[in-house]
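Observations on the model geometry
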Amino acid sequence: MRRAATVIVAALALALPAAAVATPAPRSDDSGRSTASFDAVPRIVEKASDGFTETKTLTRTFVNADGSTYSFPSYKVTVAANKTQNLRGRQRIQISWRGAQPSGGRASNPYGENGLNQEYPVVILQCRGTDDPSVPLRQEVRPETCWTGSVAERSQITRSDGEASWTHDADATDAQKARVSGIDPFPGADVCPTADQAPFFTKLTPFVTTKGKTFAACDSANMPPEAAVGAAFPPAEIAAYTDTDGTGSVQFEVRSDVENESLGCNHQVACTIEVIPIVGLSCDQPSSPMTISDKACRKGGRFPAGSSNFANDGVDQAVSPALWWSPSNWKNRFSIPVTFGLPPDTCDVLDPRPPTGFYGSELLAQAALQWAPAYCLNKKRFKFQFNNMSDEAGWNLMEAGEGVAAEVSSEHQRRGTNPIGYAPTAVTGFSIGYQIDKPDNAGEVTNLRLNARLIAKLMTQSYLGSDLGRGHPGIGDNPLGIMNDPEFIELNPGLSQISQEVGATLLSLSNSSDVIEQLTEYIAQDKDAMDFIAGKPDPWGMKVNPAYRNIALPRPDWPLKDTYIPETASDCRQKNPGVYFSQIAAPVTTMRKIAEALLDAWPNVQTRCDYDQSSGLYKLGRIDRQSYGSRFMLGLVSLGDAARYGLRSARLETKPGVYVGPTAGSLGAAVRLMDQSGAHQPFVLDQSDVRTSATAYPGTMVVYTAARLQNLAQADADKVAQFIRISTSEGQRPGSGNGQLPEGFLPIQDSGPTAKLHDSAQKTADAVEAQKEPTTEPTATPSTDPSDGPGNGGPGGGSVDVTGPGVPSDPSPAAASGSPSAVPSTTPTAVDMPATTSVSSSLAGGLLPLLLLLGAIGCLVTLALKVAAPAVRRRR
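Residues numbered from 1 in each chain as written. Predicted model: local features only at pLDDT ≥ 70, side-chain atom pairs only at ≥ 80, totals over all residues. Heavy atoms only, no water.

**Overview of the overall build of the chain**
On a plain count of helices and strands, the chain comes out with 20 helices and 30 strands. Across the 876 residues that make up the chain, the buried fraction comes to 54%. Relative to all contacts within the chain whose residues are 6 or more apart in sequence, the contacts with residues 24 or more apart total 74%. Entry remark: accessible area of the chain is about 36,100 Å², with carbon and sulfur atoms responsible for 53%. (Helix = DSSP H or I, 4+ residues; strand = E, 2+ residues; numbered from the N terminus. Buried < 20%, exposed > 50% of the residue type's maximum accessible area, 1.4 Å probe, protein only. Contact = heavy atoms within 4.5 Å. Areas by Shrake-Rupley, 256 points an atom, 1.4 Å probe, with all protein chains shown as cover.)

**A short note on the sheet that holds strand β16 (residues 334–338)**
Read from one edge of the open sheet, 4 strands run β13-β7-β15-β16, paired in antiparallel fashion. Edge positions in the sheet fall to β13 (238–240) and β16, since each of these pairs with one other strand and no more. Put simply, the sheet's adjacent strands are angled 25° from each other on average, direction ignored. As paired elements, strand β15 (residues 271–277) and β16 share 5 bridges and run antiparallel to each other. (Pairing = 2+ DSSP bridges. Axes fitted to C-alpha atoms, helices over the stretch in contact; angles between N-to-C directions.)

**Let's talk about the confidence of the model for the chain**
When pLDDT is averaged along the chain, the result is 86, and 82% of the positions lie at 70 or above. Between residues 1–48, whose pLDDT stays under 50, and residues either more than four places distant or in other chains, the model counts 70 contacts. Residue range residues 777–854 is modelled with pLDDT below 50. Its contacts to residues more than four positions away, or to other chains, number 151 contacts. (pLDDT = per-residue confidence, 0-100.)

**A look at the packing of helix α17 (residues 714–727) against helix α18 (residues 755–770)**
Relative orientation of the contacting elements α17 and α18 amounts to 170°, with a least axis distance of 8 Å. As far as their axial angle goes, α18 and α17 are roughly antiparallel. Along its contact with α17, which presents Gln 714, Ala 717, Asp 718, Val 720, Ala 721, Ile 724 and Arg 725, the element α18 presents Ala 761, Gln 762, Ala 765, Asp 766, Val 768 and Glu 769. In terms of residue class, the contact of α17 with α18 is made up of 7 nonpolar, 2 polar and 4 charged. (Parallel < 35°, antiparallel > 145°, perpendicular 65-115°, else oblique. Nonpolar A, V, L, I, M, F, W, Y, C, P; charged D, E, K, R; others polar.)

**Examining the environment of Gln 94**
Within the element layout of this structure, Gln 94 appears in strand β6 (residues 92–98). As for Gln 94 and Gln 251, which are separated by 157 residues in sequence, their C-alpha atoms are 4.7 Å apart. If we skip the residues at most four places from it in the chain, Gln 94 touches Ala 80, Ala 81, Asn 82, Ser 249, Val 250 and Gln 251. Polar contacts involving the side chain of Gln 94 include one to the side chain of Ser 249, which spans 3.4 Å. (Polar contact = N/O pair within 3.5 Å; in protein donor to acceptor, adjacent residues only side chain to side chain.)

**Here we look at the state of the cysteines**
Tallying each qualifying case throughout the model produces 6 disulfides. Covalent S-S linkage joins Cys 265 and Cys 271, the inter-sulfur distance amounting to 2.1 Å. Its S-S torsion of approximately -100° makes the covalent link between Cys 265 and Cys 271 left-handed. Here the two residues Cys 265 and Cys 271 agree in accessibility, since each one is buried. Paired by a disulfide, Cys 347 and Cys 376 hold their sulfur atoms 2.0 Å apart. (Disulfide = S-S within 2.5 Å.)

**A look at helix α7 (residues 452–459)**
Taken across its 8 residues, α7 has 8 buried, putting it largely inside the fold. Listed in full, the buried residues belonging to α7 are Ala 452, Arg 453, Leu 454, Ile 455, Ala 456, Lys 457, Leu 458 and Met 459. In this structure Asn 451 caps α7, since a side-chain oxygen of it lies 3.2 Å from the backbone nitrogen of Arg 453.

Rendered as structure tokens:
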């Protein structure tokens, strides 16, 4: 109930003007610390509508023995972030900087505690609170509210005086320079057995959760649960490297309270991203003679600018990221305020009305996430709910009367007699997302080129994966992975050629999808790719896997056809025989899972063998996450997910030698090539036309709202028409707010290349609302492909993956599977859509008792009115 109430309050706040910000209460006098701020650094601040830019001048200073001050050359640093508002969990934002001190001793992995052995990096952390010293202490951002995943990143327990350089920080108070500091009272041996070991020095930077619980951070047992070894998510905090020209950039992943409850960032809790360029501790007046710790504070680094530290050698503590919390480092921070969007289950909490379900294409998921609150928070609109599943499953539910509309991206076979209209709703698409590191830890690859034949090689499982694949009949001489393929190397020179099993596959979908159909249509229109599939070796001698030779394309699903089981002396594999190439491919049910696998650099390859000591059995499972610096993954993702998670997309070949990536211009160019066969029909992008274009992106797709033009209950028809009109008007305004269009989509407008889509959508909305026989009735197109049947992934087949928010608990299996019972009666009748069942949640559950009480009261009122009604009529 408490969280439900906070959501309600937040929703009410949406009605207030954006400028109506409450004035923070002043810090209470008994806060126990000085109200003086160290943040007196000269700055120039410029804030974009959804970004952030700030400039500060950073200077390291030493107080000399005679009391004079020496200042090192200053650095005028500018930090920028491209997105700060309405963020979602695991979203990545671009943070860049210039003018910083170049780093030395580059780590092989800059994330979490792996990045501590560097010099002069830029530390980036997510924190809770507001950068305002006038607010109460519990609301202010401070080191104790910044997240790190390990003790080593926030606390120091030294074994010598020379490691306690922070005790001479010129900006620290006497209490902060004490032998033991950070918590008052300092924890005893019963809590932290190794923390206080006189005469050694200890500085603890505890973590305070959003509920006020304090973790001492003296050892792993005194850290929040999300910091446990083997936590669900890899570290997001980073000690980023600054190049020799003073510039750098990273994709920083933010976490909401869903991923990190202890940190607690959400739509109502203020949070920041703290960017701390390390320029070295400023040091106080030294003792005479100078102590070891005095000298430690004044050290300037062991590694020259631009150097690497792959051996993980020790660094000078005073210029390392380990002391980011020390006052002279903390004062140099750039505090970027961020806000989070409403949680996905907001509508379940705030709107008790039964939702109206729209079913289908995952391509719409990110847009639907932002659109839904614009419906449920407006009582003049219906309660919209998007349920993510395969296009075909959504279509079947719509035709069977189990859903008012389907969201699809191509024309689907019509089995009933009711005409169907396709209203363009969103322009988006798919991409081949990738996560690839340059050799020698030189950063991430930012430009990747692929052609149709390379994609065909991946999908037909024609790479060997490892030596286990060398025994495969007919292809034993093929490369182990795409990184070893001369064709790929020629297109993408300079990349690592170290073989990995994941380089033999494109992580893809296991179920039927319009995305797979368009991807395979792209392959089908490429002569070189089709020659390869037909059995012709490529110019370097690589051959197609015989299991996929002459596979018919295009197709809406991709089967696992290979049956090769390697012969090996491995006891594990002998006891767990399996099709090796299927274990490498390991497709998944949603593109969201693919995007998250890329984000975590965690291949879905199922070849890891573990031995269970207790049972004496071997088990094959998912391999480990890839190490930073040696990541190599390719996956099929939606453009909406790619934008949210900051994933890079490969450029695909169109004309020979021309490679086009997904941009607003290339999506618009593809829309220009689309043709419509008739009124209320979908627009078709002919990949043969794309092959002659130098500007059109092959992965461009339009998501359509498909609904009956006849025999749909009028109330439902009105809702569908309203959705089409709203989604193609205010829903096309780019932005991160409720009802707006997120990144990864091209706005549909009434002018320009999308004007024809806008016009068609309005006409289809009118036709859906009218529920009259269209002037030109679209005809059903029978399937001529024998593989297009139940169980084969074609129309009437394919597994249903129901993963969207608020999915009915028991969707019709018959409708979803395309079985005969799902085909509507040949006698058209108006169908009232059944109420869609919301997914249960703790939020909605918290309101259940209240809703039941209100329902009971409503029933009593209704009964009273019925009893009273006859008497009223008699009096009349």
